[in-house]
Amino acid sequence: MGVTEALIEIRGASFRYGAREVFSGIDLDVFRGEILYVIGPNGCGKSTLLRCIGGILALNAGTVRLDQIDISSLDTRARARRIGFLFQNHTASFPFRVLDVVSMGRAPHLGLFSAPASKDVELSLQALDRVGMLHLKDRPYTEVSGGERQLVLLARTLAQQPDVILLDEPTSHLDLKNQVRSLKTIGELAAQGVTMIMTTHDPNHALQFPGRVAMMKPGGSLVAGLASEVITGGALTATYGIGIAVVSAPRAAGAGEIKWCTPW
Amino acid sequence: MTKTSTALLLVIVPLALLYASLFVGRFAVSPLDVARILCAQILPMAPDWPKSAEIVILQIRLPRAILAMCVGAGLSISGAAYQGMFRNPLVSTDILGVTAASGFGAAVALLLSRNAFELQLIAFAFGLAGVALTYRLARIYETASVLMLVLSGVVVAAFFSALLSGAKYVADPESKLPAITYWLLGSLNGASKRSLTMALPPIIAGCAGLVLVRWRLNVLAMGDEEARTLGIETERLKGIVIACTTMITAAAVSVCGMVGWIGLVIPHVGRMLLGPDHRVLLPATLSIGASYLLIMDDIARAASPAEIPLGILTALIGAPFFGYLLRRSGGTWA
Amino acid sequence: MTTARRLGALPRAIIGALPRAIGALPCFIFFVGIAAGTSFASAQTPSAMPATRQITDAAGRVVTIPAIVNRVSDPWHANNAMVLMLGGADKLVATTTQARNQPWLRRLYPRIDQVPAAFNAAGEVNMETLIGTRPDVILMAYGGTLPGWLDAAEAYRVPVVMLPNGSLEDLKTTVLMTGRVLGQPESEVAAEYIRYFDDNIRRVTKVTSRLLESERPKVLHTATPGILMVDGRQSVIDDWINVAGGINAADVVGLGRPVTMEQVAAWNPDVVIVGTAPNQQNRRAILDDPRWGGIKAVREGKVFVNPSGAYLWDRHSAEAALQVLWAAKLLHPALFADLDLNRETKRFYARFFHHALTDAELASIMNATAP
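Please read all numbers here as calculations on a predicted model, not as lab measurements. (Residues numbered from 1 in each chain as written. Chains lettered and ligands numbered in written order. Predicted model: local features only at pLDDT ≥ 70, side-chain atom pairs only at ≥ 80, totals over all residues.)

What about the overall build of chain A?
Then step 1. Check the secondary structure of chain A and you find nine helices and twelve strands.
Then step 2. For 264 residues, the compact-globule estimate of 2.2 N^0.38 gives 18 Å, and chain A sits close to it at 19 Å.
Then step 3. Counting only C-alpha atoms, chain A reaches 55 × 50 × 35 Å along its principal axes.
Then step 4. Put simply, chain A has 264 residues, and 45% of those count as buried.
Then step 5. For chain A, long-range pairs separated by at least 24 residues make up 64% of all intrachain contacts whose partners lie at least 6 apart in sequence. (Helix = DSSP H or I, 4+ residues; strand = E, 2+ residues; numbered from the N terminus. Rg over C-alpha atoms; globule rule 2.2 N^0.38 Å. Buried ≥ 20, exposed ≤ 12 C-beta atoms within 10 Å, placed from the backbone. Contact = placed C-beta atoms within 7 Å.)

This is how it looks when you write it as structure tokens:
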């Protein structure tokens, strides 16, 4: 695979909920500055794998190493300085200001009794700017749209300054326009060198945006590689259990071609 | 209003009310004598006022007013912290069973005919024990989820309420039963310098603890899982919050019985005035709660020869006000 | 009142639950059978026409009771001692938990332990226990409302006589009515007691009625100081304070009213009487409390413990006849120098409770400690 050294090395990862085995024996490398899409049908264990990488769930066997460090040896705070998380559904609570929400990303860098200082606010404003949401900074985050809220929460993980950001179906509750806006922003961040792992139920995200793909089958086996190699009609058909084809069409004005997959 | 003037107002109003409260009461003391008695505490003055006036001001009114403020402040900040931690606007300070447990402790003390000070100690101890039981019950697999805490609180509160009913059932109807019933309605009449020395340290320590971790409460309000990914040791933070609020509430309940609605309503008032950010909200609820309970208690002790139970006043005024807030906010967070 | 409402709601709740309880129907029929059998039996047992008499009670009801009453149920804690004083205690078939726990009542009448407590502290009844004791009549304090279980008791043909409860006059009426319900010998004791009581009141008022307003000390009669409660106007306590030549300092209405510490300071009583057990301990608490420090009674050392015997002397008790003497001597020692309260007390218990008090027992009563 890649020639650079892997930022994250997953070796022999297995996880069970009680007696039910979700996945076992997974090996996977994630490289610095890349975006890795994890695709697969519902219930195959994508989100569980992501939570294991993030240290929210503990593996039953195997290791996840980040920069050579076993993440299970890190405490909550140290882990949060290295790994940021964006969940698919955030249940809003109090109408905090957008900027206050973003600055919560500074929590792992602050002591138990501290609050964000001006330096942290500065970093938070920069993070908001990177996702293009700076104009919303004084609005209550409960009153912005769903798509805007996901980007605000993405800014929060940026303010966290982690080594890697884990995104769990970040677009699943968004309409098409907001999906594209979010994925573009995520793509731009990847281009700026932010390492990201993102689960998605839609293989098109992986086909249409740059990055590598890991495809999980029910039962937990995993194949990783370039989108063009991994996402084939045959592989999709085998994974999802229904007939799926990958088709392509030229983009407007000679901008190459666009691929997408569809059931047939 | 600018930030500074708001902050100034939040400091000045309770202090002004405290001063004014010393002039209000059933025992007639001339305002001049009140002022002179207070001055005599710092300046050398010949006491030419009646001794009983001095006792009323220094032993009765002042401790009672201070206790009212501390209890009001403590219950309000506890309510605000719990509403943040449980991410629920209807949560009050007694959600983990502290009030029911303290109430039972007080009933036991009254059954055993203990004096006011012993009653406070016993009620305080039972309050702590009740919440410890809830916390123990809620902790599975090393974590105490919000749902488990609430459910365990319901269990423990129901258990102690049943014990309390049992205590009332066996109480002497000529003397003990009215005393228990009255105590449950809430009153600051037991306030004395001695009860201040008992109740103030835990209340002040608890308030200080909550004020120190107030920004982290913002993060905790995002939910346990998210807060953990943001580096918050949620179990430890929740433990701190529970310990602080329990110290406050148990101390408050033990000195003045069950005074409801403050912990529920004042945080909403604070949020309406100053927004949801706990960095601002928590200190503000201290001030608003202190002022509110002080006014309520002035009414309770001065409006009629017989003391009006404080719990009745706070609910009588708190409930309609809460209804108004609900209407105004249209069901969203105030 | 809440009791009445709760019990009133109960049948409706049962009826409401019935359709859902079809599975329990056989069980229900069984109970109906028992209930029918019971009323059938009670209607049949008196073979001839039983002799009855009628009595008008405090609620103005005309109650028909058996001519001869052998079994009495008394859910009024305080009145159990009255029944004992009248010589009718052996007729008690049901009492209250509270009466059974009154230390001096147990000493004077140990059999009280064997009388089932059909009534709990709140005066609510266990109807099955009560019916099981087959009372001829139930005696009950009347506070303006009828108990919720009255209809149920009457359905079982148990008459309930309501007795007045409030003033000293009510106390005397209650003694006479209780005597009349119990029978001829008890009525004679009641009459003797009332003569004694009236003598005592005359003896005291002969002196105290001449007192000027300024010569009458302000008396505060308290309940628990832990929760400060005082006994106010329109009560038996207010009555004996007035008879004894005092003024009730508590300007509130009724017994056990919570007041503020500051209000007590404003009343500034000349004398404080502690009326709730453990009186000695409660007296100590008042003397130790700096907030009481400015009050005249405390400054002058006039904080006293109210005696307590078969029942609390200061309330609805046989010893109310002694209470007027005790309070008069307490408030006006110079005017009642010739009154030997210890002798008077010993004679009273010998005459009405047939118990010769030892000196230690006398002290226990005067100090309100358990025997």
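Section: the overall build of chain C
Then step 1. Of regular secondary structure, chain C possesses 16 helices and 13 strands.
Then step 2. Within chain C, buried positions represent 48% of all 371 residues.
Then step 3. Put simply, 60% of the contacts in chain C that link residues at least 6 apart link residues at least 24 apart.

Details of the arrangement of the chains
Then step 1. Summarising the chain contacts, two pairs of chains touch, and the pair with the most contacts is chains B and C.
Then step 2. There is a clear gap between chain A and chain C: no contact, and 40 Å between their nearest C-alpha atoms.

Quick notes on the packing of helix H14 (residues 320-331) of chain C against helix H15 (residues 341-353) of chain C
The relative placement of two packed helices is expressed as an angle between their axes plus a distance between the axes.
All names here are of chain C.
Then step 1. Contact geometry for H14 and H15: axes closest at 11 Å, N-to-C directions at 175°. Between H14 and H15, the crossing angle belongs to the class labelled roughly antiparallel. Residues Leu322, Leu325, Trp326 and Lys329 of H14 lie in contact with H15, whose contacting residues are Leu341, Glu344, Thr345 and Phe348.
Then step 2. Considered class by class, the residues forming the contact of H14 with H15 number five nonpolar, one polar and two charged. (Axes fitted to C-alpha atoms, helices over the stretch in contact; angles between N-to-C directions. Parallel < 35°, antiparallel > 145°, perpendicular 65-115°, else oblique. Nonpolar A, V, L, I, M, F, W, Y, C, P; charged D, E, K, R; others polar.)

Regarding the interface of chain B and chain A
Then step 1. Taken residue by residue, the interface counts 22 residues in chain B and 21 residues in chain A.
Then step 2. Taken together, the residues of the side of chain B that touches chain A break down into ten nonpolar, four polar and eight charged.

A closer look at the interface of chain C and chain B
Then step 1. Listed as interface residues are 35 residues of chain C and, on the opposing side, 36 residues of chain B.
Then step 2. Those elements that place two or more of their residues in the side of chain C that touches chain B are strand S11 (257-258), helix H11 (261-267) and helix H12 (279-288) of chain C.
Then step 3. Looking at the side of chain C that touches chain B, the element that brings in the most residues is H11 of chain C, giving five residues.
Then step 4. Class assignment for the residues of the side of chain C that touches chain B results in 16 nonpolar, 13 polar and six charged.

Notes on the sheet that holds strand S7 (residues 164-168) of chain A
Residue and element names in this part refer to chain A.
Then step 1. Read across the sheet, six strands follow the order S6-S7-S8-S3-S9-S10 without closing on themselves; strand pairing throughout is mixed. Of all the strands in the sheet, just strand S6 (83-86) and strand S10 (222-226) have a single pairing partner and so form its edges. The average angle at which neighbouring strand axes cross in this sheet is 20°, direction not considered.
Then step 2. In the sheet, S7 pairs with strand S8 (residues 195-200) via five bridges, with the strands oriented parallel. Along S8, the bridge assignment pairs Ile165 with Met196. (Pairing = 2+ DSSP bridges.)

Description of H12 of chain C
Then step 1. Every buried residue of H12 of chain C is accounted for by Asn279, Asn282, Arg283, Ala285 and Ile286 of chain C. Buried residues of H12 of chain C, seen end-on, are gathered within an arc of 155° and therefore sit on one face of the element. (Arc of directions from axis to C-beta.)

Digging into the confidence of the model for chain C
Then step 1. Averaged over every residue, the pLDDT of chain C is 85; residues scoring 70 or more account for 85%.
Then step 2. Two summary scores accompany this predicted model of the complex, namely pTM at 0.81 and ipTM at 0.88. (pLDDT = per-residue confidence, 0-100.)

Describing unusual backbone geometry
Then step 1. Even without being glycine, Trp261 of chain B reaches a positive phi, approximately 75°.
Then step 2. Positionally, Trp261 of chain B belongs in the loop between helix H11 (234-256) and helix H12 (262-274).
Then step 3. Look at Arg134 of chain C: it is not a glycine, yet its phi comes out positive at around 45°.
Then step 4. Its location among the elements puts Arg134 of chain C in the loop between helix H6 (127-132) and strand S6 (137-142).
Then step 5. The class for Arg134 of chain C is partly exposed, based on 15 C-beta atoms found within 10 Å.

Quick notes on the pairing of strand S1 (residues 6-17) of chain A
Looking along a regular strand, one sees the side chains alternate between the two faces of the sheet.
Residue and element names in this part refer to chain A.
Then step 1. Pairing geometry for S1 and strand S2 (residues 20-31), over eight bridges, is antiparallel. Directly across from Ile8, in S2, lies its bridge partner Val30.
Then step 2. Here S1 folds back onto S2 in antiparallel fashion, the turn holding two residues, of which Gly18 has a positive phi close to 60°.
Then step 3. Where S1 and strand S4 (residues 61-66) come together, five bridges link them in antiparallel fashion. Residue pairing for S4: Ile10 is matched across the bridge by Val64.

Observations regarding helix H7 (residues 176-185) of chain B
Residues and elements named next belong to chain B.
Then step 1. Among the ten residues in H7, eight count as buried, and that is most of the element.
Then step 2. Buried within H7 we find Lys176, Leu177, Pro178, Ala179, Ile180, Tyr182, Trp183 and Leu185.
Then step 3. Looking one or two places after H7, you find Gly186, whose phi comes out positive at around 90°.

Details of the sheet that holds S6 of chain C
All names here are of chain C.
Then step 1. Taken in spatial order, the five strands line up as S5-S4-S3-S6-S7 in an open sheet, and their pairing is parallel. Strands at the two margins of the open sheet, each flanked by one partner only, are strand S5 (117-119) and strand S7 (160-164).
Then step 2. Note: S6 against S7, five bridges, orientation parallel. Considered in S7, the bridge of Ala141 is made with Leu163.
Then step 3. Here helix H3 (residues 77-85) sits on the sheet and contacts strand S3 (72-73), strand S4 (92-96), S6 and S7; the angle it forms with S4, its principal contact strand, is near 145°.
Then step 4. Against the sheet, helix H8 (residues 168-182) contacts S3, S6 and S7, and its axis sits at roughly 155° relative to S7.

Thoughts on the environment of Ala73 of chain B
Residue and element names in this part refer to chain B.
Then step 1. Here Ala73 lies in helix H3 (residues 51-85).
Then step 2. Look at Ala73 and you get buried, because 29 C-beta atoms sit within 10 Å.
Then step 3. Spatially, the C-alpha atoms of Ala73 and Pro63 are 15 Å apart, while their sequence positions differ by ten residues.
Then step 4. Among all residues touching Ala73, those that are not within four sequence positions of it are Cys207, Leu286, Gly289 and Ala290.

Some remarks on the packing of helix H2 (residues 31-39) of chain B against H3 of chain B
Residues and elements named next belong to chain B.
Then step 1. The interhelical angle for the contact between H2 and H3, taken along N-to-C directions, is 70°, at an axis separation of 10 Å. Here H2 lies roughly perpendicular to H3, going by the angle between them. In this structure, H2 meets H3 at a crossing whose hand is right-handed. Of H3, the residues touching H2 (which contributes Asp33, Val34 and Ile37) are Ala53, Glu54, Ile57 and Leu58. (Left-handed = near helix turned anticlockwise from the far one by under 90°.)

Thoughts on the environment of Ala190 of chain C
Residues and elements named next belong to chain C.
Then step 1. Inspection of the secondary structure puts Ala190 in helix H9 (residues 184-208).
Then step 2. Taking the number of C-beta atoms within 10 Å as the measure of exposure, Ala190 has 24 and is therefore buried.
Then step 3. Put simply, Ala190 and Gly179 are eleven residues apart on the chain and 5.7 Å apart in space, counted from C-alpha to C-alpha.
Then step 4. In this view, Ala190 contacts Leu86, Val175, Leu176, Thr178 and Gly179; residues no more than four positions away in its chain are not counted.

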